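Geometric and topological summary
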Amino acid sequence: MWGGRFAEGPSAVMREINASIPFDKRMWRQDIAGSRAHVAMLGKQGIVSAADAATISDGLDAVATDYEANGVPEDLALEDIHMLTESRLADRIGPVAGRLHTARSRNDQVATDFRLWVRDAIDQVLAALAALQDALLARAAEHADSVMPGFTHLQSAQPVTLGHHLMAYYEMVARDVSRFADARSRMNLCPLGSAALAGTGFPLDRDATAAALGFDAPTRNSLDAVSDRDFALDYLMAAAQCSLHLSRLAEEFVIWASQPFGFVKLSDQWSTGSSIMPQKRNPDAAELVRGHSGRIVGCLTALMITMKGLPLAYSKDMQDDKPPVFEAHDLIGLSIAAMTGMVESASFRTDRMRALAESGFATATDLADWLVREGGIPFRDAHHITGRAVAAAEAKGVRLDQLDLADLKAIDERIDARAFDVLSVDASVASRTSFGGTAPVRVREAIAAARAARGE
């Protein structure tokens, strides 16, 4: 390719460091699609003859069929998927293949291919997240009334329902969906036609090319178009945030599956055993999701550091933009699929959850609230009174609702028998009826609203 300028070929090391075909071959479908749209526009504009455009288009179809059937070969001498495809095309149709690169540079070509690939990646992630949302909604509906301890600092705080807990993760995933969708919308402009950096003197119809590839419009600045990788960073940022949410849910499953908690039994599909301890049932899938999160954040960091100091327009550093995106995409896809499977198949031990909710003085706040409502006591005073009640129950080794009325009156005379109406975990969760609260009626409303928003 460089014969007109260079007398000698590259060294073996230069050939290896310069080649990107080992990883950018993943973009072959996008490269073929971009070339088809480009040559169709060239033919329509009379920049190449209609006959040549048709020959090139047919040749691209044949190359695509070969890739589909036999895979993409790695020829380091041809550097990347773009030069490999052009070479394969020339093998099939001869010198007319050279017309395909008219009014196009590899700079705008790769920028277009990469955008197309990331756009496809976002569509795949959105479909996977929709399946996870379905799983969360189904299990939340199943457990809208199932009482469990809610935690702060991993200490029993107030009783909630398992349905409410699962819907918290639904809300996280919904934000992930919005981030990926926003990234897709923002990136959907077509760089093709920007050429190397300055545009071209050929009479292109960039709007036609953009429309053919499903973009909303062409990019507005040729310098920016070939050097922009914000779309890849947007994807990685959304993937990193999503991976943090998946990691948090995975951590819950790891904790809940442990014997001290015993809140959940993961199915055999998502568990492994030990090579030496036959009794072990390890939540390895959840732990790997938790681990993948760190790698995905690392991919984001890698590309941010690569891009942070690059002048306009294209620099070869940008060849390293794809490996972190490809790696993160593979990991986020596996992580979403694994968490979806775990949510769908988990056996929740609601009896165990209820027992621990009842044993941790989780209704203490309900007693304090009752003192405020029924006794007109300032909350800080009610907090102090309730703290003494908890200490009394702890000393006797009983739950708050198992204290005698006499015990409570000894703490404060304003407490009467009505207080026991709020001290059960069922009464506690039922009372949390504020919008977004854990009351089963609110959980069911939240599930219905989520389904309606998704058009179900």
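Residues numbered from 1 in each chain as written. Predicted model: local features only at pLDDT ≥ 70, side-chain atom pairs only at ≥ 80, totals over all residues. Heavy atoms only, no water.

With that settled, the discussion passes to the pairing of strand β2 (residues 155–161). For strand β1 (residues 147–152) and β2, the ladder comprises 6 bridges, and the chain directions are antiparallel. Note that in β2 the partner of Pro149 across the bridge is Pro159. The turn joining β1 and β2, which pair antiparallel and follow one another in sequence, is formed by 2 residues; a positive phi near 60° is taken by His153. (Pairing = 2+ DSSP bridges. Helix = DSSP H or I, 4+ residues; strand = E, 2+ residues; numbered from the N terminus.)

Counting through the fold element by element, Met339 comes out in helix α12 (residues 322–345). Separated by 54 residues in the primary sequence, Met339 and Ala285 place their C-alpha atoms 8.2 Å from one another. Filtering out sequence-adjacent residues up to four positions away, Met339 remains in contact with Leu132, Leu246, Leu249, Ala250 and Val289. (Contact = heavy atoms within 4.5 Å.)

What follows deals with empty space enclosed by the protein. Gaps left between atoms are located by rolling a probe of water-molecule size over the structure's atoms. The final tally for this structure, using the stated rule, is 1 cavity of 30 Å³ or more. Taken as a whole, the largest cavity spans an internal volume of roughly 40 Å³. Lining the largest cavity we find Leu132, Leu136, Tyr169, Met172, Val173, His245, Leu246 and Leu249. Elements that contribute at least two residues to the lining of the largest cavity include exactly α6 (106–142), α7 (162–187) and α10 (230–257). Here the lining of the largest cavity is built from residues that sort into 7 nonpolar, 1 polar and no charged. (1 Å grid on protein atoms, 1.4 Å probe; cavity = no way out; pocket = protein on both sides within 12 Å on 5 of 7 lines; lining within 4 Å. Points joined across faces, edges and corners; volume = space filled by probe spheres on them. Nonpolar A, V, L, I, M, F, W, Y, C, P; charged D, E, K, R; others polar.)

Okay, the nonpolar core next. In terms of nonpolar packing, the biggest core is built from 72 residues, with Val118, Phe180, Tyr235, Phe253, Trp256, Val325 and Met342 touching the most fellow members. Secondary-structure elements contributing two or more residues to this core are α6, α7, α10, α11 (284–307), α12 and α18 (440–453). Counting residues per element, this core draws most heavily on α10, which supplies 16 residues. The residues contacting Phe253, other than those within four sequence positions of it, are Val264, Leu266, Ala286, Met342, Val343, Ala346 and Phe348. If you look at the next biggest cluster of nonpolar residues, it comprises 23 residues, including Ile47, Ala53, Leu84 and Ala103. (Core = buried A, V, L, I, M, F, W, Y, C linked by side-chain atoms within 4.5 Å. Buried < 20%, exposed > 50% of the residue type's maximum accessible area, 1.4 Å probe, protein only.)

Once that is clear, we can look at the packing of aromatic side chains. Using the criterion set out here, one finds 11 aromatic pairs in the structure. Plain terms: the ring middles of Phe253 and Trp256 are 6.1 Å apart, the flat faces sit at 25° to each other, and that makes the pair stacked. On the criterion of helical spacing, the pair formed by Phe253 and Trp256 is a turn pair, its members being 3 residues apart in helix α10. Assigned by exposure class, Phe253 and Trp256 land together as buried. A centroid spacing of 6.1 Å and a plane angle of 55° characterise the contact between Trp256 and Phe263, whose relative ring orientation is tilted. For Trp256, a relative accessible area of 2% corresponds to the buried category. When its relative accessible area of 0% is taken as the criterion, Phe263 is described as buried. Members of the aromatic cluster, joined through ring pairs, are Phe151, Phe253, Trp256, Phe261, Phe263 and Phe348. (Phe/Tyr/Trp six-rings, centres within 6.5 Å; stacked < 30°, edge-to-face > 60°.)

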